[in-house]
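Tertiary structure, described
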Amino acid sequence: MAEGASQDLLLAAAFVSDAQYNRNIPFRTSPEAVRLYYLYNHWIMRTVTYFFIFLNLSLAVFEEPAVYPLPFLVTSLIEVLCLLVFFGRLTHFAKVTLRNVFWKDTKNICIMVAILLSLTDLAIYGVLRMYNMRSIRWSRIVRPIFLINFAESRQIRRAFRSIRNTLPEITYVFLLFMFSLLMFSLMALKLFGERNLQTAEGLPYFKNYLEIVFDLYVLVTTANSPDVMMPAFDFSSWYALFFIAFVIVNTYIFMSLFLAVVYNNYKKHLKNEIRKLAYMKHRKMIEAFNLLKEEEGAQFVVREARWKQLVKLVAPDISNSHRELLLCISDNEQKGFIDKKSFVQLADLLNIQVITLKIRSHPLGQWMPRVYKSAVSRFLRSMVRHRGFVWTYDVIILINAIFIALDEETPYISYAEWVFLALYIIEILLKVYTYEPRAFFGKNQFWNWFDTLIIFAALTATVLNTTLKSTTKYNSQQILDIVFILRVLRLIRIVDSIQRFRVIMNTLINIVPTMLTFGGLTLVVYCVFAIIGMELFHGKIQFFPASSNVPYALECGNPALKDSLFARGKYCKNNFNNFASSFIVLMELTVVNQWHVFANGFANVTVQPAKLYFIAFHIVMVIIIVNIFVSFILEAFFVEYSLEKSEVETAIEQKIQELGMGVQEDELQHEQLLDNMESAEHDLEGEGGTKPQSKGLVFKIASKPTSSPLFCLGPSVHACLH
């Protein structure tokens, strides 16, 4: 009986954990499968999987054409090891899911096919290499499949689903845009084709229809404006009207229409995703409740003891005080059990990050109470807390910015740097003296850590640079660069002093985890296009130093680039000769400026249809993915600026206000409370099991760092929490 209850508890904890982290994996419910499922979701297993995924992707850096060449045997063994890990992870997943579900899941089929293709290609390439026959590693293009299709990458898959769902609407707009482009190209051919005009390079102007289509497509991106217009404009000023109309219709209207369509579809499908996740979360919580429920009168409930055991399994790292707080919210009337409605909210309660803070005195107040509590000390601490202290250092930062911009070689400027460093160090020491050190350097005190690390890193680099210059003739440019960068980074501190800046920065910090999803999406696209680019353009363009005597060094080693904009612009280092260079080129293409010069340059050294590669990248990356990223940023900022507290957050705050003394954050600036704040995840019980009578607790909801109240719980509420 006890064993069955324990197994039910373990299974219920798995359901709650899935609801908390929005996992939708239909796993087997047998005791062995549940334990394997826990192991599958363990953070170490996920970390190992991600490590081998990125190791597999990074092999392109060491394979031919390599940035850092490694022997083929080494890279092939590493790749085989990665594939074995992927196969093991897939096998582990098969052990915890239902057989019919596993084989119907296209993610698993994609992973198995990718493993087989990789092994087949590796074997063929190795055999051909033994006979000195050149081959293409075509399977490298399937490596991003592992990043997309493992269960851990559900956020990236959602981003791809968003793209897939948006494509039908984008397709209609894109077809209409292409119709407009082709029509304007035809008009351009008729208007300018027979006038014998020439470009600045002496080439025929708008003679070839396909060239006109490409040039006008580039004009949509504004990369060749106004150069593409100038021959016609020089011939007659009236022809400027053609290009003005084209830019208004295609650049401003159609490109804005792309963003509008993407944003509208993104919002619609985002709502659908949220509804689906909410439904799955509710269903998981109901399944967990049904496993633990007991009959209480006319309703089913979960007993307090079982609820506590469940929370310990799901969130073992939260403190006892935090757990008791959640219990008080779930069991609002202190009946000793949790009803179904309150139980279903548990996953949302656990998702709200509540920081537990303990009230303790400053160490100096314990070691030197007479000195620390003296009139001079109190005046000094009140001065540091005063807003004028912050304003004073804001002015110092601005003056420091002016000195940074001045000539470093001037002796007075060099001496001033030491003055500023001394002032910043004094500021940090005064703050540590005023505020409790462990609270000042708490895990959520980002700006305090940032200030301290920047100042002491700048001090170390400056001392090291000065010592080297005074004792030897050695002058390290790298150290100087570090010093200059650290000096500039100090200016970022001004951001924390302005309220609106803090709102924006906190919004950016809050959306960083989701932005990483689009980072993964971009990585997938870059990897695919980089591998294709290396196969198409490797070795076609070479970079040579300015002093090189190699034939055609000025033409990037290829006579086809003679007198081209690519060669004249000295873009030779922008090539696809290795994985790193390919990524740099793709980043430059994403920025769009001068992308047509790259397209023409690589088309000149290969074939003209090679321009389709660059057009395809622009459509996929700039028109689709960047617009989806912009849509995400817009929606995130709208949500952050307009969203009110959730029902669960409000329930937490109301309950703490009911139980104890609710203290707003601005009230915590009072000396007697703020001096004693300490970030800690301790229990309410003191040593030896006695309850502390002189030290209370503070809870802070961390999801809203700029406006969340902090709640102080003193001894008066210990009866509820215990």
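The residue count restarts for each chain, going from 1 along the sequence in the order it is written. A pLDDT threshold of at least 70 governs which residues receive local features in this predicted model, and a stricter bar of 80 or more applies before side-chain atom pairs are shown or counted, although totals over entire chains, interfaces and linings include all residues. Side-chain numbers here rest on the full set of heavy atoms in the structure, without hydrogens or water.

Here the focus is the overall build of the chain. Strands here are runs of E lasting at least two residues and helices are runs of H or I lasting at least four, both read from the DSSP assignment and numbered beginning at the N terminus. The helix and strand tally for the chain stands at 31 helices and 8 strands. Accessible area is worked out with a 1.4 Å probe on protein chains only. A residue is then buried under 20% of its type maximum, exposed over 50%, and partly exposed in between. A total of 722 residues make up the chain; the buried ones form 45% of that total.

Bringing unusual backbone geometry into the picture now. Across residues other than glycine, the phi torsion is negative in most instances, and most of the peptide bonds are trans. In this chain, glutamate 64 is followed by proline 65 through a cis amide linkage whose omega measures -5°. Its location among the elements puts proline 65 in the loop between helix H3 (43-62) and helix H4 (72-96). Cis rather than trans, the peptide bond between serine 225 and proline 226 has omega equal to 0°. One can find proline 226 in the loop between helix H9 (209-220) and helix H10 (230-235). Despite not being glycine, asparagine 196 has its phi angle at roughly 55°, a positive value. Following the sequence through the fold, asparagine 196 ends up in the loop between helix H8 (154-192) and H9. One non-glycine residue with positive phi stands out, namely aspartate 563, at about 65°. Accessibility expressed as a relative area gives 57% for aspartate 563, which makes it exposed.

Turning to helix H26 (residues 579-591), a few remarks are in order. Residue count minus one, scaled by 1.5 Å, sets the expected span of a helix. For H26, which comprises 13 residues, the first-to-last C-alpha distance of 19 Å matches the rise-based estimate of 18 Å (1.5 Å per residue) to within 8%. Those residues of H26 not exposed but buried are Phe579, Ser581, Ser582, Val585, Leu586, Leu589 and Thr590. Here a polar contact is recorded for every N or O atom pair within 3.5 Å, except that within protein the pair must consist of a potential hydrogen donor and a potential acceptor, and residues adjacent in sequence are included only if both atoms are side-chain atoms. The N-cap residue of H26 is asparagine 578: its side-chain oxygen and the backbone nitrogen of alanine 580 are 3.2 Å apart. Backbone geometry just after H26 places valine 592 at a positive phi near 85°.

Glancing now at the pattern of salt bridges. Between Lys or Arg on one side and Asp or Glu on the other, a salt bridge is scored when a side-chain nitrogen of the former is within 4 Å of a carboxyl oxygen of the latter. One pass over the full model with this rule turns up 20 salt bridges. Between glutamate 79 and arginine 137 there is a salt bridge; the shortest N-O distance is 3.2 Å. Of this pair, glutamate 79 sits in helix H4 while arginine 137 sits in the loop between helix H6 (106-130) and helix H7 (144-149), and the two are 58 residues apart along the sequence. Looking at arginine 137, the relative accessible area reads 6%, which means it is buried. Salt-bridge contacts for lysine 431 lead to glutamate 427; the nearest nitrogen and oxygen are separated by 3.3 Å. Of this pair, lysine 431 and glutamate 427 both sit in helix H20 (residues 411-434), 4 residues apart, which is roughly one turn of that helix.

So, on to the state of the cysteines. The disulfide definition used here is simple: a pair of cysteine sulfur atoms within 2.5 Å. Overall, the coordinates contain 1 disulfide when judged by the stated rule. Across the disulfide from cysteine 556 sits cysteine 572; the S-S distance is 1.9 Å. What sets the handedness of the cysteine 556 and cysteine 572 disulfide is the S-S torsion sign, and at about -70° it is left-handed. Of this pair, cysteine 556 sits in the loop between helix H24 (499-537) and helix H25 (565-568) while cysteine 572 sits in the loop between H25 and H26, placing them 16 residues apart in sequence. On the basis of relative accessible area, cysteine 572 is assigned to the buried category, the value being 8%.

So far we have only geometry, and geometry alone does not tell us how the molecule works.
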